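Per-entry structural report
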Amino acid sequence: MSLSVKESRIVAVNRVGENTLQTVLQGKVDLPSSAAPIGRIVWVKGRPALHSCSMDQDRIYVQGAVDLTMVYVPETLEDEPAGLQRVEWPGALPFDAHVEVMGAEPSAETRVDLAVLACEWELAAGQYAVDVDLILAVTAAVEQLQEFTVISGANLARPVKLASDGVVLQPVAPPVKLPVTKQLTGMLEFAVDEDDLVRSILDLEAQIKLEEPVVQEGEAEVKGWVTLTLLYETENYTVKLREFSQVLNFEWSFAQEGLGPGMTLRPQLEVRGEGFVVNDGRSVRVELGVTGALLAEKPQHVQVLTELSAPGGLIEVRKEIIAADSFVGHKEQQAVVRGLIELTEDLPPMREILKLRATAHVTDYEVEEDKLTIQGVLDAELYYLAHSEEDVKPLFRAYVPEALPFTQTLAVPGLELGMQPRIGLEVVAARPDLINRETLEAAVTLLYTVDIVEYLEVEAVVEAVDVEPAPADPPTLTFVFAQCGDTVWKLARRYHTTEEAIRAANPSLQEEAEVKPGDCVYIPRS
């Protein structure tokens, strides 16, 4: 009798936990010595950067700094034109914090996301410095890599019917990480109209768009482009906004072990860019730095035997509890959130809306049968030109936190109470419609992305061995040479003894050491 088994190696990523810490950063920034004094601040914005991340028991330590950018109207004489000024303070607000996640340990993997929730400022006396208060959210998600070897199939050489049972798992596989550190540069051409000559770039937003990648064995080809939105001031001090779609085309090639057909790429990219006015205001040179990673992923399906037996006890098995996050399903759906946004009393009335940006946050969710109800809020950021008696209309920015609440119900096949929905929100488009001078109607298109994961504990068959009946008078002394696939457990079952007896009789197998093919193992008489 000879038993052959099919072993499957499972490599799974299990979510340990996730937590968010909010911390307040305060600081004072001074204008450069050559800058004009501040007449009116249009905005102060912060962008966080992570410098380092380390993990200890139940804690994730993060260090970094928030870069500050300010656009302001300088104080000038009454008849002197006042063009807008932009000032940058890299690393203005350093931070050093820790996030508590129960179960975190140094061997785990962590992902840290940073977001500025609010930024307030006050002009200091003398008009050459600004006091800044900022709320930073630090979110840490901890994952643990687990490896298991299980039996997924078995058969006997002789005509004996095996009885087996099992389940199919879809453990979340670790992605193949493709690091990205790229530079993208290009020229943006403006019209030769004298009224559109660019004086300065006030704000630049860049979005990376990827085409369908080509992934083959050991390599991947990625093509894409950039969509740019520029807020700029012209030479006649008028503020305008212009969008450039499908510019800065690029092709990236990656060669890495583990890549293969059928994989999809999930971007985790950060884009930082600068715009430089050239050619007397007729062109803008854009320089972008793209960092992060593309995560190559592919679902895995593994058959796991939970029972295996043969008549007469011809087979013995060893089982272990394996615990894994098993993928259940994926859902994507777009929906439009509509609502009214009103200016606060401290802001002047609107004449022309230049740009509406929105940021989505999940506040809660509820599972009922196969329905997932997501609740959240949209923060709104509005750039507009105000009503004024002057020829040049002044630029203002309004920030309205939690401007639009929303509730969306998704039908997700396979979803059940107790499963873990991992929810992602992306703002696809934000369209404003001016109702009156103080009110606008916003239509924000959201893309909901949901991955459903179920935490499973399965008692799986991890070893099996065929067993001959014990001889009536076994030999006192037996030496065997270990074969490929042999373990101490298998030898103990095959020769009707115990693991403890074999380890005690073989000094090389102390302290949980395992046999290797070719080892001479002494089997004591039981």
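Cut-off values and rules
- Residues numbered from 1 in each chain as written.
- Predicted model: local features only at pLDDT ≥ 70, side-chain atom pairs only at ≥ 80, totals over all residues.
- Heavy atoms only, no water.
- Pairing = 2+ DSSP bridges.
- Helix = DSSP H or I, 4+ residues; strand = E, 2+ residues; numbered from the N terminus.
- Axes fitted to C-alpha atoms, helices over the stretch in contact; angles between N-to-C directions.
- 1 Å grid on protein atoms, 1.4 Å probe; cavity = no way out; pocket = protein on both sides within 12 Å on 5 of 7 lines; lining within 4 Å.
- Points joined across faces, edges and corners; volume = space filled by probe spheres on them.
- Nonpolar A, V, L, I, M, F, W, Y, C, P; charged D, E, K, R; others polar.
- Core = buried A, V, L, I, M, F, W, Y, C linked by side-chain atoms within 4.5 Å.
- Buried < 20%, exposed > 50% of the residue type's maximum accessible area, 1.4 Å probe, protein only.
- Contact = heavy atoms within 4.5 Å.
- Salt bridge = Lys/Arg side-chain N within 4 Å of Asp/Glu carboxyl O.

1. Some thoughts on the sheet that holds strand E3 (residues 59–74)
Read across the sheet, three strands follow the order E2-E3-E4 without closing on themselves; strand pairing throughout is antiparallel. The open sheet is flanked by strand E2 (38–56) and strand E4 (85–100), the only strands paired with a single partner. The average angle at which neighbouring strand axes cross in this sheet is 15 degrees, direction not considered. As defined by bridge partners, E3 adjoins E4 across 13 bridges and the pair is classed as antiparallel. Bridged to Leu 68 within E4 is Trp 89.

2. Description of the layout of surface pockets
Its boundaries defined by the atoms lining it, the second largest pocket holds a volume of some 510 Å³. Along the wall of the second largest pocket there are 23 residues; nearest its centre are Arg 40, Val 73, Ala 82, Val 392 and Pro 394. Of the residues assigned to the lining of the second largest pocket, the class counts are twelve nonpolar, three polar and eight charged.

3. Comments concerning the nonpolar core
Formed by 34 residues in total, the largest nonpolar core has its most connected members in Leu 378, Leu 382, Tyr 384, Leu 404, Leu 446 and Tyr 448. Sorting the residues of this core by element identifies strand E16 (315–342), strand E17 (350–368), strand E18 (371–386), strand E19 (395–411) and strand E21 (439–466) as the ones contributing at least two each. The contact partners of Tyr 384, leaving out residues within four places of it in the chain, are Leu 343, Leu 347, Pro 348, Pro 349, Met 350, Glu 352, Ile 353, Leu 354, Pro 394, Leu 395, Phe 396 and Ala 398.

4. Notes on empty space enclosed by the protein
If you walk through the whole model with that rule in mind, you get three cavities of 30 Å³ or more. Roughly 50 Å³ of volume is contained in the largest cavity. Taken together, Ile 341, Glu 342, Leu 343, Leu 356, Ala 380, Glu 381, Leu 382, Ala 398, Val 400 and Leu 440 make up the lining of the largest cavity. Breaking the lining of the largest cavity down by element, the ones donating at least two residues are E16, E18 and E19. Take the lining of the largest cavity: its biggest share by element is three residues, from E18. Considered as a void within the structure, the second largest cavity measures approximately 40 Å³ in volume. Lining the second largest cavity are Asp 203, Thr 229, Leu 230, Leu 231, Leu 241, Lys 355, Arg 357 and Tyr 383. Counting residues per element, the ones that place at least two in the lining of the second largest cavity are strand E11 (219–234) and E17. For the lining of the second largest cavity, the leading source of residues is E11, giving three residues. A class-by-class count of the residues in the lining of the second largest cavity yields four nonpolar, one polar and three charged.

5. Section: the environment of Ala 492
Examined against the element boundaries, Ala 492 turns out to sit in helix H1 (residues 488–494). Each C-alpha atom, one on Ala 492 and one on Lys 240, is 80 Å from the other, the two residues being 252 residues apart in sequence.

6. A short note on the pattern of salt bridges
Going through the model one piece at a time under the given rule, you end up with 26 salt bridges. In this structure, Glu 463 and Arg 318 form a salt bridge, with 2.7 Å as the shortest nitrogen-oxygen distance. In this pair, Glu 463 sits in strand E21 while Arg 318 sits in strand E16, placing the two residues 145 residues apart along the sequence. By relative accessible area, which is 25% here, Arg 318 ends up partly exposed. A salt bridge links Arg 422 to Asp 325; the shortest N-O distance between them is 3.2 Å. With Arg 422 in strand E20 (residues 420–434) and Asp 325 in strand E16, this residue pair connects regions lying 97 residues apart in the sequence. When its relative accessible area of 21% is taken as the criterion, Arg 422 is described as partly exposed. Salt bridges sharing common partners tie together Lys 45, Asp 203, Glu 205, Arg 357, Glu 381 and Arg 397.

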